[in-house]
There are 8 protein chains.
Amino acid sequence: MKDSFCDLGFAKLDTGRKERTGIGEVVFCQRKDDGFLKDIFSRLFEANGEVLGTRATQEQFEIVKEILPQAEYDKISRTIKIQREKKNLCGNIAVCTAGTADIPVAEEAARTAEFFGSYVERIFDIGVSGIHRLLSQTEKLEKANVVVAVAGMEGALASVVGGLVSVPVIAVPTSVGYGANLGGISALLTMINSCANGISVVNIDNGYGAGYIATQINRLAVAGSVKNQAGEK
Amino acid sequence: MKDSFCDLGFAKLDTGRKERTGIGEVVFCQRKDDGFLKDIFSRLFEANGEVLGTRATQEQFEIVKEILPQAEYDKISRTIKIQREKKNLCGNIAVCTAGTADIPVAEEAARTAEFFGSYVERIFDIGVSGIHRLLSQTEKLEKANVVVAVAGMEGALASVVGGLVSVPVIAVPTSVGYGANLGGISALLTMINSCANGISVVNIDNGYGAGYIATQINRLAVAGSVKNQAGEK
Amino acid sequence: MKDSFCDLGFAKLDTGRKERTGIGEVVFCQRKDDGFLKDIFSRLFEANGEVLGTRATQEQFEIVKEILPQAEYDKISRTIKIQREKKNLCGNIAVCTAGTADIPVAEEAARTAEFFGSYVERIFDIGVSGIHRLLSQTEKLEKANVVVAVAGMEGALASVVGGLVSVPVIAVPTSVGYGANLGGISALLTMINSCANGISVVNIDNGYGAGYIATQINRLAVAGSVKNQAGEK
Amino acid sequence: MKDSFCDLGFAKLDTGRKERTGIGEVVFCQRKDDGFLKDIFSRLFEANGEVLGTRATQEQFEIVKEILPQAEYDKISRTIKIQREKKNLCGNIAVCTAGTADIPVAEEAARTAEFFGSYVERIFDIGVSGIHRLLSQTEKLEKANVVVAVAGMEGALASVVGGLVSVPVIAVPTSVGYGANLGGISALLTMINSCANGISVVNIDNGYGAGYIATQINRLAVAGSVKNQAGEK
Amino acid sequence: MKDSFCDLGFAKLDTGRKERTGIGEVVFCQRKDDGFLKDIFSRLFEANGEVLGTRATQEQFEIVKEILPQAEYDKISRTIKIQREKKNLCGNIAVCTAGTADIPVAEEAARTAEFFGSYVERIFDIGVSGIHRLLSQTEKLEKANVVVAVAGMEGALASVVGGLVSVPVIAVPTSVGYGANLGGISALLTMINSCANGISVVNIDNGYGAGYIATQINRLAVAGSVKNQAGEK
Amino acid sequence: MKDSFCDLGFAKLDTGRKERTGIGEVVFCQRKDDGFLKDIFSRLFEANGEVLGTRATQEQFEIVKEILPQAEYDKISRTIKIQREKKNLCGNIAVCTAGTADIPVAEEAARTAEFFGSYVERIFDIGVSGIHRLLSQTEKLEKANVVVAVAGMEGALASVVGGLVSVPVIAVPTSVGYGANLGGISALLTMINSCANGISVVNIDNGYGAGYIATQINRLAVAGSVKNQAGEK
Amino acid sequence: MKDSFCDLGFAKLDTGRKERTGIGEVVFCQRKDDGFLKDIFSRLFEANGEVLGTRATQEQFEIVKEILPQAEYDKISRTIKIQREKKNLCGNIAVCTAGTADIPVAEEAARTAEFFGSYVERIFDIGVSGIHRLLSQTEKLEKANVVVAVAGMEGALASVVGGLVSVPVIAVPTSVGYGANLGGISALLTMINSCANGISVVNIDNGYGAGYIATQINRLAVAGSVKNQAGEK
Amino acid sequence: MKDSFCDLGFAKLDTGRKERTGIGEVVFCQRKDDGFLKDIFSRLFEANGEVLGTRATQEQFEIVKEILPQAEYDKISRTIKIQREKKNLCGNIAVCTAGTADIPVAEEAARTAEFFGSYVERIFDIGVSGIHRLLSQTEKLEKANVVVAVAGMEGALASVVGGLVSVPVIAVPTSVGYGANLGGISALLTMINSCANGISVVNIDNGYGAGYIATQINRLAVAGSVKNQAGEK
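No experiment lies behind these values; they were computed from the predicted model shown.

### A few points about the sheet that holds strand E4 (residues 51–54) of chain G
Residues and elements named next belong to chain G. Read across the sheet, 4 strands follow the order E3-E4-E6-E5 without closing on themselves; strand pairing throughout is mixed. The open sheet has two edge strands with one neighbour each: strand E3 (27–28) and strand E5 (72–74). Two strands pair when backbone bridges link them, and E4 and strand E6 (residues 79–82) are joined in this way by 3 bridges, in the antiparallel orientation. Each residue of the ladder has a partner; that of Val51, found in E6, is Ile82.

### Points about the relation of the copies chain D and chain C
Two chain copies, one operation linking them: a rotation about an axis together with a shift along it. Structural alignment of chain D on chain C gives an RMSD of 0.0 Å, achieved by rotating through 180° and translating 0.0 Å along the axis. A rotation of that kind, with that shift, is consistent with a two-fold axis. Here 98% of the interface residues in chain D have copies in chain C that are interface residues too; the copies meet face to matching face.

### Section: the relation of the copies chain D and chain B
For the pair chain D and chain B, the best superposition has an RMSD of 0.0 Å and corresponds to a rotation of 90° with a translation of 0.0 Å parallel to the axis. The relationship between the two copies is best expressed as a four-fold rotation axis. For chain D, the smallest separation between a C-alpha atom and the rotation axis is recorded for D:Leu182, amounting to 7.2 Å.

### Here we look at the domain arrangement of chain A
Residue and element names in this part refer to chain A. Domain annotation for chain A reports domain 1 (6–82) and domain 2 (90–222). One C-alpha centre belongs to domain 1, the other to domain 2; they are set 25 Å apart. With 15 residues of domain 1 at the interface, the matching set in domain 2 holds 16 residues. When the two sides are added together, the surface that domain 1 and domain 2 hide from each other amounts to roughly 1,200 Å², 64% of it contributed by carbon and sulfur. Applying the counting rule to domain 1 against domain 2 returns 2 salt bridges. Here Arg111 and Asp74 are joined by a salt bridge, their closest N and O atoms 3.3 Å apart. For the pair domain 1 and domain 2, the number of links is 2 residue pairs in polar contact (both at pLDDT 80 or more).

### Thoughts on the sheet that holds strand E5 (residues 72–74) of chain C
Residues and elements named next belong to chain C. Pairing is mixed in the open sheet, where 4 strands are placed in the order E3-E4-E6-E5. What marks the edges here is a single partner per strand, and that holds for strand E3 (27–28) and E5. As paired elements, E5 and strand E6 (residues 79–82) share 3 bridges and run antiparallel to each other. Looking at E6, one finds that Tyr73 is bridged to Ile80.

What counts, and at which threshold
Residues numbered from 1 in each chain as written. Chains lettered and ligands numbered in written order. Predicted model: local features only at pLDDT ≥ 70, side-chain atom pairs only at ≥ 80, totals over all residues. Heavy atoms only, no water. Pairing = 2+ DSSP bridges. Helix = DSSP H or I, 4+ residues; strand = E, 2+ residues; numbered from the N terminus. Least-squares fit on C-alpha atoms with pLDDT ≥ 70 in both. Contact = heavy atoms within 4.5 Å. Domains from an automatic or database assignment. Buried area = accessible area lost by both parts, 1.4 Å probe. Salt bridge = Lys/Arg side-chain N within 4 Å of Asp/Glu carboxyl O. Polar contact = N/O pair within 3.5 Å; in protein donor to acceptor, adjacent residues only side chain to side chain.

Spelled out as structure tokens, the structure:
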């Protein structure tokens, strides 16, 4: 039932979310109590036969592994994953970064999208200070249904990409940089103020969120839509 | 040619944009010099047979009308439009607002999307302080390929909508409010920090931008995609 | 005497506060010198026969325990408590949280209110991204004389709750979140700008403050008032 | 029906609010379209036999008067009111200000509370730079069920009052001041960080909100409560 | 004498500046009292035989013209100028803008540099949302000794230009934009955090400052240097 | 000679400062390299026969003690001191704090003033939430030539003190607090916006600065002035 | 009586202030209601035989003149004054500005100090970009008991002056500047972070406050002090 | 080829940068993965025969040394360097600091400039609180083609230097300070708002960036320019 939830006392797992929104609940591990973590992973794995955790430390992975030994950990993206079997990945999402320091956030986005069944093309280190690197990837970018642009420092990547492609660009500011980068706020402001069209923005370092939205858009593109209400104006 | 542009000296009209990104250039009228405005409207109308202007004052409309008498003005959204003929609108975009004061921004989004050929469902004044109003519209929301959520003050509308639908939500913070709303920055922060999935954010009062992205997503949904690169992981 | 205080040199304990405001002084342990801590706990216990400390570390608890072995520590809320005996709890305060990470702040509020004699109903993890979880608790919320709404990230919980109940809502922003949450400032701004009525806000993570105010309101509701100056206008 | 609303197209009047929260909808006039304003005033007057509008200009009052000639306007608080007849005011709310420039916000709070049936005691110009003025009013303050403290500039009034009374203090920062007052943000921060207990804060210049919450608390105090769930801990 | 100044009572004109820094004092007209303005223009014209005023209104120009009828006004850059005779312009400064709304600031930079004897190449409307427009100007950019990059909104122009040229780029953020552009602060932050090398930044809308620094660099390039202290390390 | 300095290469000790400003240079130890620290302490001790260091860690004290074994360390104020002999302290400076957590900053102020020869009266923990504690100290406050008011959280102490005394109040915001205290910025803003007269403000936690200025004022009061230029207006 | 006040209903004039703090109440005219203004001016003139108003418009002056025809207005400082007769001005306060645009704030400071009986030396337009202008005034600066340093833009004047004199410097940031000056906040931050000793800061554009404090210090210097409590340490 | 790059998968080394901009790529070590670091150092050393790394920890140096044993580390500037042989340094860049705590940033600037072949004059600890120290260095400053001014706290050094020299000043704000220095933002704002001409600003603590730009300007000065397009206006 789409309005159901599972009440653990300290938490109310939104088990109806998959039916309601098409995508199941994912575990945001950061600051979760160890006991809570185990309970939540067990319940979600039981419910869905697979589970993804983000922002997980190595220590948290060890704890999850005790009860779910098949769990896998990816250090760069800091994700824990239990997946039923190989997935058919469909559609095409391009995940690109401005620099190498932005890769952890980009990998969180890419692995989230893959977990949800999307095909992902990674295009890293194409920041605007050497624009030829970005231009050399135009063909790849044009194949995507949606582009995720991950950038810290001044965050200009999103604007340039937005001017090159015809599909939506999900911009992810990162906290990469120092001084007046204000922990990523500067990159966020750059992206929100972009002079290019088709750019919308998620929270700083929110790779998961970008992977989620990219999946939503990719699914719409792959499936086509029956929500077509003809009108005239 | 997709890299072409038209050099007016003071401006380089991106006439290749339609080929490159699928959607032609729109005139952002705010702070444009009267002479520049006329030139730009003429050139774009010549090139595309239709033209849209946003953030236009009544005075600017009068100036445009001198040279393009078929131009129409909408006071609420402050848009100027010349359109070839009735358009077939396809797909489904829901544009909703928290309050009545958010309607001008929502109308800018809706009219932009309609100009680009999208069918738009307007759902106004469903702010979260009377949650039953929002819940009564669930059916309409579920029909959309993408939702535009327009809200000022604390901007909580996007989070609640995001938890109810399976499609992307484009959140538009507005400058509606006073005091600690900081001209819309508070609503922007609310939306960027949303605990719900599937929400990405555009600039404060940027109805045009939201209408543009919603159109991109709606088109992908309507057309389906040939960009489907099967993979496995 | 209500204007009395106890001068320890480094501190002037407001021993008149209980008479003046109805509620005795509580120890804010954070950054207190170990020696000062012992002195203050002793004096307040002597004066009132009970004492509560907030923001206490495990180490501080050990220090207090040396001189007051009957002290108890709660790890989640980080409170130290010495209580005379079982208390009769009266009235009804609902303490609810958006997520599980907000529980420590909520527990500080709940335990503070209980220490002061209020009955507390805990309702955790009812954030707005799955609005049905919140709606399923409406009955409980309606039984309260005052609601404490604890939320980080975008802090939208307070607005939705405010629209559902007829009693005051004390909103507590938490520092839960990352990036543009600005250490809780974003949630604070959301709550201050709430479009719902009946919401007032305390400092970020200030569970104690919310528990205090909720107690004040709960007492007024329980006791009724003799401060009724009939007028006409 | 408490979940009912009245759909005007541009607005969905929350006609169920009175049943749901005990207090009917009030018109926030600022930035409302003239046509909308008339419609909303008519409908609410029809529904409730009385109506209050806040943040109204003289011009807006003239417009409302055309259709509701019995409407009255108060220049200082900028409120429009139609009231059935003399009201019995009960309980006791103290509304105090730091300076004379804070009076308009205080009057908005006071008149809102009176419209909702509360007795209000006005205590103006008792800012902390001449603390004897405040101390001379202690007796009056002690008679209140709740105190509304309105202050701009550095906003220290709330802290001092909070230390003197045993009831909740609703602090209203105002935009009064200049330079580093940041349009009221400085006073808001002062009040949120108050070292005194029992203080919660509403938005800058939000007299209406303070009057609303004060009424909620005053009602609880006057009526006493049947929501008394005895417990023991 | 390089430490001389002319004391007008209300002002101390730095008449030694030309000798000390190589460039004479310019009049910043904004908020200058009319009487002061006349005095300052007269004195500087007397001293140097020419004078430049920036941020001047049409009204201020009329006032200056009364006493110096040979003065000329440029509406776009809002500069007043009296120049001895045609100047030989040397070197090469490229002044480019992201959009047409940035032209007033760019013209202030260009005219300042020309007044100080530099040759200026104007390259307008080459913002990064249509990167081909910028790339088509590479040849012109490469001819410059220094580039002034003027951009509002997200201000990404400076980063892309910085990656293309081998000379210093003076970045000028403008207040063009709305909402989260924060009056130009967002563009300033973008530029300060640029991932490209060779970019330094001046105040928002400070075309004059950029023209001044560009002249200093252009002069060094044109003249070559005798300040060459050979070393080895 | 008052314009002399001692060039150590990495530093230029302002040995003329004592002659120029009446008070010798003090060592700000924070982030100083160990080697630099020794050199600077030696040189200043040689020059003046005494020396004061602020913001010193225990480790830095050990290093200084190696070369200057007569050095003394005070843990609370984190100051290192070598003093010729007992000093005659003159005048009267009141140093007061809002809470006990503000004492370290207050002690830095007090010890600085004492090192410079001022008599200091300490009045701690008189914050405004229990105003009677402050009022009980009025007599002591009235004896001072200048008051230093040290407060974190909302920083209201300065305003109340400013209204009680006829002498200047030096307000020192501290970083004591949490959440919206913004590391002391909130207290700073409170003090800068104070509605009371006679209050000026120094940097957050800058006890040294306050002790310095208080000494300057105290000296003027003690010595009287020969700078008395009679005029008439 | 020093705790007396005069209750006008809308205001409680602090008539005890002169006795308590040595200086009578001054009228801050900004945003004062016309009726209130008249009442306050009359009462204070009655009480003290003289009165000063700051931040007054020409219109407000006309209103005051109706009832107090002997009132005088100074346009630059925007002050209204009624003074008994010529005053003997004693001591020496130096009021200096960085630029000519800072003069209105400096004049407010100077005229306030003169009204309170201090001799003032004006030293205008000595900003640090032409440091020789400042150095040429050293002798004058050294004659002062206290210096008021008024500066906008980057506000560096206070630091340089602070390094030159032995007396306290009251720094007044002004809102002069544009762009990243943030309405004076930048200058305020510069002054608060000054590396020079002896600098304390008042609110942006608060000439009155600076004139008040300077007077307090000047009086201490002129009168010498009987508050000399000898001690030894 | 100037548009070439070397694709390492995780990175796209901009090997065309030297040809395109005249200066080769430098390694920003902060937050770089150990494996990535080795690869990048090897490749750049291979390509250019020399390599510079900034923001390197001692640990990172050890890692680089394993594969490139000739690498050298400078602790103060935290730079790693492999240089072909002694370099002829030409031109003249003055690098000055306000205090000793600013030296690490200044050394990063100086060593970067030297690595690129510029002669550097170091002038440390000449902050404006003892202006005679700065004035004593005027002769040295006048010999430079460009000045780098490094300062934390209030950052006033740049303004004073800017008024003394005729060449460009690159201002580097540092994070040195505490409290309201906001991690260097205050110094940045001071420099951006400078009342002196010829000052442009780089990011907080960005010594590398300043050294880079100073080199660009120094080269132009040394080489003279062939980019001299005579014009007349």
